[in-house]
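Each chain, written out:
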Amino acid sequence: MPVFKVSMKILKKNIPTFLIYMLVFIMVSVIATRIEVLSGGPENFSDTKINVAVFNETETPLTKSFINSLSEVANIVELEDTEESIQDALYFRAVYMIVRIPSDFGQISEKGEMVPLDVMTIPDAPETIQAQNHINQFLRLLSATKLGYPELSEADLASKVAALASNDTVVHMAEQAKQGIEGDLMPFFFNYMAYSYMYIVIMGVATIMLVFGRKDLKMRNTCSPVTGYSNSLQLLASNGVFALIVWILLLLVSFVMDFRNVFKLNTIYFMINSFIFGLSILGLSFLIGNLVKGKQALSAIAGIVTLSACFISGVFVPQAFLGESVLKVASFFPTYWYVKGNLMIGDLTNFSNGHLSELYSILLIEGGFALAFIMIALVVGKRKSLEKIG
Amino acid sequence: MIVKVNQLVKRYGDLVAIDHLNFDVKEGEIFGLLGPNGSGKTTTINCLLSLLKYDKGEIELFGKSMTPEAYDLKRNIGIVLQNVAVFDELTVYENIDYFCGLYVSDKAKRKTLVEEAIDFVGLEDYKRFYPKKLSGGLLRRLNIACGIAHQPKLIILDEPTVAVDPQSRNKILEGIQELNRRGATIIYTSHYMEEVEQICTRIMILDKGRVVATGTKEQLKNMISVGEKITVEAYHPTPSQIEAITALPNIIGVENSGNQIVIRSAGGKNNLENVLETLKREQLSYGKIYSELPTLNDVFLEITGKELRD
Ligand SMILES: Nc1ncnc2c1ncn2[C@@H]1O[C@H](COP(=O)(O)OP(=O)(O)OP(=O)(O)O)[C@@H](O)[C@H]1O
Ligand SMILES: [Mg+2]
């Protein structure tokens, strides 16, 4: 295994460089994880409340409880009910949403549908999503309760829906609060880890591939009785060892950071997910190493590939905030599936096979990426070694 | 027959780098490939090793067709390419060990072979040096050690002495002869005729991808009409004295410049003796006399009409 041994020696020579990358990335990950967890916590929750103006035509118990419920997620503000003041308020973002409650709110129209609310928002403002969800939820509960208890008086109906709606909010809030309090850092850390993991493995693998790809050495090696296939496998093996070591180091960091959660079953799945992701990164790096010539080009490409793949896959920005078309593109990168897997694992509380099947398919897709990248790299490598040298 | 090349043609686009080349190398030979820069030596070697695809012809090594996948043939070949091919990341010892390891997997056996190779090229004091710290000559020696450590039957060296100091050069040339004495067949390319003349048992002269002449150095020199060149320092010889020299057998030209006579012969024996006798008989007093045998440069000059080296 001379090729394997020499590539390990070359990696060893580069340990200081890799350690520096590692330290920088770990620091960035740790800081980013902390920020994420803190800002996502409940204490800053009120900051995200938006201003909503409500025009209520007739005050009933139902409209009262609706406004009440809405105030849990929004600041209800006064606004003059003229076209001009509404336009101004929306334009200057003094209010994000205008809700007009019709006088027959809560009635069933002739068509058999709930009388709709008239809601106006700043177009495409993500800040309004929560309030909108909240309103929709209230309306759903209202129609469900109306169906379930047709005999209830309007006052009873109003208090029942209000109770259900605020209950729902409490549960929702409680979950968030619990996460923040326990400091569940692992899902965040594993997401951020994708960035450092990708960059370091691409750099390491390509460092080896660049040395063996040097024209003179390549010619000389081609003269030897080591087959092209054996040569590729030995390179793949040493690259694999490298990826494995980096993986273990990153795992250790995650354990140190969040030692309270190490013995949760979720941790095992985080490990499996990141391991399979590592395989796909190995394949990708092998491919890049086979294609790229020159150290400068290499670090540029490693940076671009890593950053863009991580960005569109939701490593830095949650996937929920990314557009559908972006996510569609992202799904051609293993990073997307890795992040998706992490989100799923973070939410896991039930480990029955039924709950895990979706996770398994994600892991399978990541494995498929690994296989595909390695195959392409082997084919590209072979074609290049038969290419005319001269 | 160790090497057999038949009708080899290699083109780079419109340039015909190798034009219907035929040659063979027998076991035990030091076969020299001599030619000026760009004559196609490296191209020939690279085709021989299947590093290059060629357009036409057959190449056989050890009686078998040579292909990129002929790993059993590659096992018996030692290669020293024109460009030094070593890992900058490895020491002298590690480099030789790596290249030897491509052929020999047994660790203990390899250790002896590597040590032998280091002794052979005289790098004992540099084992732990990195290539960047070696002078040009030492680097070339390392390149050679990497190529020959596994003790192959056929060794191919492509200009291993380019840009090497005279001391290293002599060491390398003696080493090659030693490898040959130990049983290796050798193909040696160079554009230095002195080297080729010094060590090669048979020489092929290339020009523009074509064979100019092949043979031992004696055979090559006999191919041309020019023989020994004798220069005599003599002051104002008389026309009759010049005539007497011109009348000698084998003499094809005599030039008299007033203080020096240049006498050209067309091969044959006893030319210098005859000239000396004539000088005595004619009572022509002379200073220094020197005689030069024809060189491969004369051969090249006579056949191609230009100097081997420009
Ligand atoms: N890759 C290439 N593409 C195009 N032409 C080439 C290539 N390699 C060599 N040649 C040309 O082929 C001819 C033979 O080159 P080659 O390198 O075989 O000569 P050489 O005898 O080894 O010369 P040198 O003494 O400089 O090493 C030259 O004219 C050279 O310019
Ligand atoms: Mg050459």
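In this text, all values refer to a predicted model and were calculated from it rather than measured experimentally. Once a new chain begins, its residue numbering starts again from 1 and follows that chain's sequence as written. Written order determines the labels here, with chains lettered from A and ligands numbered from 1. Thresholds applied to this predicted model are a pLDDT of at least 70 for local features of residues and 80 or more for the giving and counting of side-chain atom pairs; totals over whole chains, interfaces and linings are not thresholded and use all residues. The side-chain figures draw on all heavy atoms in the structure; neither hydrogens nor water molecules are used.

Re the coordination of the magnesium ion (ligand 2)
Residue and element names in this part refer to chain B.
Next, step 1: Donor atoms: N, O and S within 2.8 Å of the metal, or within 3.2 Å for Na, K and Ca. Because water is excluded, sites can look incomplete. Taken together, the protein donors to the magnesium ion (ligand 2) comprise Thr-42 (OG1) and Gln-82 (OE1), at separations of 1.8 to 2.1 Å. Of this pair, Thr-42 sits in helix H1 (residues 41–48) while Gln-82 is found in the loop between strand S6 (77–80) and helix H3 (92–101), placing the two residues 40 residues apart along the sequence.
Next, step 2: Here the term buried applies to any residue with accessible area under 20% of the maximum for its type, exposed to any over 50%, and partly exposed to those in between, with areas from a 1.4 Å probe on protein chains only. Here Gln-82 falls in the partly exposed class, since its relative accessible area comes to 27%. A helix here means a DSSP run of H or I that spans at least four residues, while a strand means a run of E at least two residues long, and both kinds are numbered starting from the N terminus.

Looking at the pattern of salt bridges
Next, step 1: The term salt bridge refers to a side-chain nitrogen of Lys or Arg lying within 4 Å of a carboxyl oxygen of Asp or Glu. Tallied over the entire structure, the rule returns 16 salt bridges over all chains.
Next, step 2: One salt bridge in this structure joins B:Asp88 and B:Lys132, with 3.0 Å as the shortest N-O distance. Placement of the pair is B:Asp88 in the loop between S6 and H3 and B:Lys132 in the loop between helix H4 (107–121) and helix H5 (136–148), with a sequence separation of 44 residues.
Next, step 3: Judged by relative accessible area, which is 30%, B:Asp88 ranks as partly exposed.
Next, step 4: Salt bridges linked by common partners bring A:Asp81, A:Arg100 and A:Asp118 together as one network.

Points about the domain arrangement of chain A
Next, step 1: By convention here, the domain bounds are inherited from an automatic or database domain assignment. As far as domains go, chain A holds domain 1 (2–42 + 184–389) and domain 2 (50–164).
Next, step 2: If you average the C-alpha positions of domain 1 of chain A and of domain 2 of chain A, the two centres end up 48 Å apart.

Some remarks on the packing of aromatic side chains
Next, step 1: Stacked, tilted and edge-to-face are the three classes applied to pairs of Phe, Tyr and Trp rings, where Trp contributes its six-membered ring and a pair requires centres within 6.5 Å; stacked means planes under 30 degrees apart, edge-to-face means over 60, and tilted covers the rest. Scanning the entire structure with this criterion turns up 20 aromatic pairs over all chains.
Next, step 2: Three or more aromatic residues joined by ring pairs make a cluster, and in this case those are A:Phe18, A:Tyr21, A:Tyr199 and A:Phe242.
Next, step 3: Throughout this description, the term charge over a ring refers to an Arg CZ or Lys NZ atom that lies within 6 Å of the ring centre and within 35 degrees of the ring normal. For the cation-ring pair, B:Lys153 lies above B:Phe62, with the distance from its terminal atom to the ring centre recorded as 5.9 Å.
Next, step 4: When the ring centre of B:Tyr192 is taken as reference, the NZ or CZ atom of B:Arg169 above it lies at 4.4 Å.

So, the site of ligand 1
Next, step 1: Neighbouring residues are identified by heavy atoms, a residue being near a molecule or strand if any of them is within 4 Å of it. Near ligand 1, the surroundings consist of 14 residues, among which B:Gly38, B:Lys41, B:Thr42, B:Thr43 and B:Glu159 are the closest.
Next, step 2: Looking at what sits near ligand 1, you find residues from chains A and B.
Next, step 3: Definition of a polar contact: a pair of N or O atoms within 3.5 Å, with one able to donate and the other able to accept a hydrogen when the atoms are protein atoms, and with sequence-neighbouring residues admitted only if both atoms are side-chain atoms. The separation between a nitrogen atom of ligand 1 and a polar side-chain atom of B:Tyr12 is 3.4 Å.
Next, step 4: The backbone of B:Ser39 places a nitrogen or oxygen atom 3.2 Å from an oxygen atom of ligand 1.
Next, step 5: Methods summary: accessible areas were calculated by the Shrake-Rupley approach with a probe of 1.4 Å, and residue burial reflects only the protein chains presented. In the complex, the protein chains occlude 66% of the 630 Å² of accessible area that ligand 1 would expose alone.
Next, step 6: Elements represented by at least two residues in the shell around ligand 1 include exactly strand S2 (15–25) and H1 of chain B.
Next, step 7: The biggest single contributor to the shell around ligand 1 is H1(B), with 3 residues.
Next, step 8: Each residue gets one of three labels, nonpolar for Ala, Val, Leu, Ile, Met, Phe, Trp, Tyr, Cys and Pro, charged for Asp, Glu, Lys and Arg, and polar for the others, Gly among them. Grouping the amino acids of the shell around ligand 1 by side-chain chemistry returns 4 nonpolar, 8 polar and 2 charged.

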